[in-house]
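Analysis of the macromolecular model
Residue strings, one per chain:
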Amino acid sequence: MSKYNKSLSGVSVPHHKNTSEMKIETMPVPDKVYLGMSQHMGAPCEVCVKVGDEVKVGQLVGKPTAFMSAPIHSSVSGKVTAIDEIIMSSGMKTPVVVIEADKLQTLDESIAPPVVNTREEFIEAIKQSGLVGLGGAGFPTHIKFNPKNPDQVDTLVINFAECEPYITADNRVGVEQADHVVGGIKTTMHFLNIKNCIIGVEDNKPEAIRILTEKTKDEPNIKVQPLKAIYPQGGEKVLIYHTTGRVVGEGQLPADVGVIVSNVASIAFVDKYMKTGIPLISKILTVDGDAVANPKNVEALIGTRFVDIINFCGGYKAEPRKILMGGPMMGIAIPDDTYPLLKNNNAVLAFTEAQIDTRPETPCIRCARCINACPFQLMPASIEKAYNAGNVDQLKKLKVNLCMECGCCSYVCPAKRPLVLVNRLSKNMLRASK
Amino acid sequence: MQNVLIALVPAVVASVLIFGFRALLLEVICMAACVLFEFLFEKATKRDLTIYDCSAMVTGLILALNLPPTLPIWMAVFGCLAAIVLGKQLFGGIGMNFANPAIVGRIVLLIAFAQPMTTWVLPNAFNFGADLVSGATPLGVLKMGEAVDLSYGQLFLGLRGGCLGETCILALLIGGIYLIAKKIISPIIPVAYLATVFVASACFGRDPIFELLTGGVVLGAFFCATDYVTSPVTNKGKLIFGIGCGVLTILIRVFANYPEGASFSILLMNILTPHIDALTMSKPFGGAKE
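What this report covers is the structure whose coordinates are included nearby. (Residues numbered from 1 in each chain as written. Chains lettered and ligands numbered in written order. Predicted model: local features only at pLDDT ≥ 70, side-chain atom pairs only at ≥ 80, totals over all residues. Heavy atoms only, no water.)

A few words on the overall build of chain B. Scanning chain B from terminus to terminus reveals 14 helices and two strands. Expected size for 290 residues packed as a compact globule is a radius of gyration near 19 Å; at 19 Å, chain B falls within 12% of this value. On the principal axes, the C-alpha backbone points of chain B span a range of 65 × 50 × 35 Å. Across the 290 residues that make up chain B, the buried fraction comes to 56%. Look at the contacts in chain B between residues 6 or more apart in sequence, and 73% of them connect residues 24 or more apart. As presented, chain B carries roughly 12100 Å² of accessible surface, and 72% of it is formed by carbon and sulfur atoms. (Helix = DSSP H or I, 4+ residues; strand = E, 2+ residues; numbered from the N terminus. Rg over C-alpha atoms; globule rule 2.2 N^0.38 Å. Buried < 20%, exposed > 50% of the residue type's maximum accessible area, 1.4 Å probe, protein only. Contact = heavy atoms within 4.5 Å. Areas by Shrake-Rupley, 256 points an atom, 1.4 Å probe, with all protein chains shown as cover.)

What follows is the structure, given as structure tokens:
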């Protein structure tokens, strides 16, 4: 980015990166896994196994039903014992395949490193791997890697900001799996014919910066760019602006400004998949929060219930009052800890009463902190007023559709108003009015 | 809000040093009266109690600092009633009022009790207990076409006739800088307001430094015009608001019957705030043009 460009605003949140030095520990296979059919942005998958079927690791259990989707594979070998329904955090119901693990982890016969020679074969391999954006949004990677204008894409930006407090899973990937990260970058650049790569990493991860800089010193086209540790540095448009200076406009995709963004864990997975052919069946996540006995970075199988993961981390040391799937800024509170791990979860945080802000909501005093905190200079307080008045025209004018729901507005609001929630509702209102 | 009270401590101390203990009496009574009226109104209308957010105390104190030292207590209490009930609660309470409640209270008093509200005494600095000597404010003297016999230094320290809290510029600057340093207020409105007063008064051939040091512009710029609820939310809007306050203040000083126009100019700009907001909506990052 040109030094003359002004950085976007945001908020300085306490980092709480308590687990940044903790090595990734692989969790043993749980007794049962629960594979929801909606683990990505887009259409849910269709169950393609029956109760009583024997399945093996990597076997397809959820078949994509639409273009915007990604297949779901069994993370264990064992027997399908039930096909239930689960209510997702979005409030939607989705089928869930329950598999009892035999703990042998027998690989499916079909698994072999993919043979890839062309761009099309590479994208097809990524599609078969079930990879989705592991940073949180869960956007199917094969779609991201296949833009309408492949010739105009000249930069691959690796999202290694990890700007959410507490979460250190990506940091560990950068430190412990730097070879996979660099390998994945080179493979992707090669097959997608992308000239440059910028690894955007917040400067609160010095060890990862040092290792990645060392590993890429002979790669003139791969640049490690330390970024200021300010939330939401990892927001896609924010990251693109701060690494390349390019502005992704309203209604545009990153590829429209010549950029493809990939999360650091996703790109590391690309390398692992190319070498082993094992689809996406596990996830590295941070387990933390003051209710957890031994916070850790854990590699767990997709579909493992959070209660099993937390028990692997010594269980609860105090009564949890709030459990978050994801970080404290954008994570979603879940009703109980029997929820299964999804592909795009990067943390589970359990907090006690002491950590929860229960101050009451008071009237807006128009202090404008929300406007100043918003990286996109939206006006959340005005959006709230327009929403309450049902004024769709005003919502359009205020461009609520640009909101990335980072939560800075709610975070800084002295009146404790649920601004980001109202932004979400306003976006729904806009969509419904069309 | 607590920070605003802290920021006003120097002005309160200065008012007591300059005008004696009656200043403190007025300040305490106004704060108590505002809290009481807020409590009674909210009880009567079964609204949530907001007396603990300190906003009523701030209104009471700012109103008191805008009163002449000799104002009868009952009039001051009436001003508090106007500020809290008329200026704030009838519009829906905190966050909903269109004008700064303290300014509303002051203007109601100024119009209802024109004479006591413009009876000034000269400071009896550090001379507690002595009889107060009546006299005009420097702007009043100027309005009558006479020369003012006060140095910039005296004006800066507040050794002149005037409202309780407006005279000591030093104390107000300390409070204002505290609020800006704590990021409670943005410097845009006060800086734009004061700079405009400076430039506009020079354009009319008046002494710009004198115009800044007298009247209520400094008190108004830091503590009244910066009220979140009644000023624009965007930086551009704040700039327009501050410039508008400055221009109106000088126009009133030069052309109107009143010697001072800070309160009226802030009230008028309060009324324009929704329109300024509508015209200065922020331009979102990457937003397409309409």
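Here the narrative resumes, following the displayed structure.
All right, on to the overall build of chain A then. Along the backbone of chain A there are 13 helices and 17 strands. The C-alpha radius of gyration computed for chain A amounts to 21 Å, which stays within 12% of the reference 22 Å derived for 434 residues, consistent with globular compactness. Viewed in the frame of its principal axes, chain A has a C-alpha envelope of about 60 × 50 × 45 Å. Counting only residues that meet the buried cut, chain A has 56% of its 434 residues in that class. If you take every contact in chain A between residues at least 6 apart in sequence, the share linking residues at least 24 apart comes to 73%. Carbon and sulfur atoms provide 52% of the accessible area of chain A, an area that totals close to 18200 Å². Treating the 48 positive side-chain charges of chain A as one cloud and the 45 negative ones as another, the clouds have centres 7 Å apart. (Lys, Arg positive; Asp, Glu negative; His and termini not counted. Charge placed at Lys NZ, Arg CZ, Asp CG, Glu CD.)

Now for the sheet that holds strand 16 (residues 332-333) of chain A. Residue and element names in this part refer to chain A. What the six strands build is an open sheet, ordered 1-14-13-17-15-16; its pairing is mixed. Only two strands of the sheet have a single neighbouring strand rather than two, namely strand 1 (24-26) and strand 16. Docked against the sheet, helix 3 (residues 169-176) engages strand 1, strand 13 (282-288) and strand 14 (296-301), running at close to 125° with respect to strand 13. (Pairing = 2+ DSSP bridges. Axes fitted to C-alpha atoms, helices over the stretch in contact; angles between N-to-C directions.)

Turning next to the pattern of salt bridges. In the structure shown here, the tally under the stated rule is 26 salt bridges over all chains. Residue Lys416(A) pairs with Asp357(A) through a salt bridge whose shortest N-O separation is 3.3 Å. Highlighted residues: Lys416(A) in the loop between helix 12 (408-412) and helix 13 (419-433) and Asp357(A) in the loop between strand 17 (347-351) and helix 9 (369-373), separated in sequence by 59 residues. Taking the shortest distance from any N to any O, the salt bridge between Glu405(A) and Arg424(A) comes out at 2.9 Å. Remark: Arg424(A) occurs in helix 13 and Glu405(A) occurs in the loop between helix 11 (392-397) and helix 12; sequence separation between them is 19 residues. Shared partners join several salt bridges into a network, and the residues in it are Arg206(B), Glu211(B), Arg253(B) and Glu260(B). (Salt bridge = Lys/Arg side-chain N within 4 Å of Asp/Glu carboxyl O.)

We now examine the packing of aromatic side chains. How two aromatic rings sit relative to each other is set out by the distance from centre to centre and by the angle between their planes. Applying the stated criterion across every chain yields a total of eleven aromatic pairs over all chains. Between the aromatic rings of Tyr241(A) and Phe285(B), the centroid separation amounts to 5.1 Å while the plane-to-plane angle is 75°, which identifies the pairing as edge-to-face. In this pair, Tyr241(A) is assigned in helix 6 (residues 236-244) and Phe285(B) in the segment after helix 14 (262-279), connecting two distinct chains. Taking the relative accessible area as the measure of exposure, Tyr241(A) reaches 10% and is therefore buried. For Phe285(B), a relative accessible area of 8% puts it in the buried group. (Phe/Tyr/Trp six-rings, centres within 6.5 Å; stacked < 30°, edge-to-face > 60°.)

The interface is formed by 23 residues belonging to chain B together with 27 residues belonging to chain A. A combined buried area of about 2000 Å² lies between chain B and chain A, and 62% of that area is made up of carbon and sulfur atoms. Among the salt bridges present, the one from Asp277(B) reaches Arg366(A), with a minimum N-O distance of 3.0 Å. Taken together, the links from chain B to chain A amount to seven residue pairs in polar contact (both at pLDDT 80 or more). Among the secondary structure elements, those contributing two or more residues to the side of chain B that touches chain A are helix 13 (235-255) and helix 14 of chain B. (Buried area = accessible area lost by both parts, 1.4 Å probe. Polar contact = N/O pair within 3.5 Å; in protein donor to acceptor, adjacent residues only side chain to side chain.)

Of all hydrophobic cores here, the largest spans 82 residues; its most connected members are Leu67(B), Tyr193(B) and Phe223(B). With nine residues, helix 1 (residues 2-19) of chain B is the single largest residue contributor to this core. In this structure, Leu67(B) is in contact with Cys30(B), Ala76(B), Leu109(B), Met117(B), Cys163(B) and Leu164(B), ignoring residues within four places of it in sequence. Ranked by size, the runner-up nonpolar core spans 53 residues in total, among them Ala70(A), Ile158(A), Leu192(A) and Met274(A). (Core = buried A, V, L, I, M, F, W, Y, C linked by side-chain atoms within 4.5 Å.)

Residue and element names in this part refer to chain B. Here the structure, examined in full by the defined rule, presents zero disulfides over all chains. Free of any disulfide, Cys 30 has its nearest cysteine sulfur in Cys 80, 3.8 Å distant. Under the relative-accessibility criterion, Cys 30 is labelled buried at 0%. Here Cys 80 is not cross-linked by a disulfide; its sulfur's nearest cysteine counterpart is in Cys 34, at 3.7 Å. On the basis of relative accessible area, Cys 80 is assigned to the buried category, the value being 0%. (Disulfide = S-S within 2.5 Å.)

All names here are of chain A. Across the sheet, which stays open at both edges, the four strands sit in the order 11-10-9-12 with parallel pairing between neighbours. Either end of the sheet is taken by a strand with one partner, and the two such strands are strand 11 (222-227) and strand 12 (259-263). Shown here is a sheet whose adjacent strand axes are inclined to one another by a mean of 25°, direction ignored. Across six bridges, strand 9 (residues 155-160) lies against strand 10 (residues 196-202) in parallel orientation. Across the sheet, residue Ile 158 finds its bridge partner in strand 10, namely Ile 199. Contacts from helix 5 (residues 206-215) reach strand 9, strand 10 and strand 11, with the element oriented near 165° to strand 11.

Function-wise, these values are silent; they only describe arrangement.
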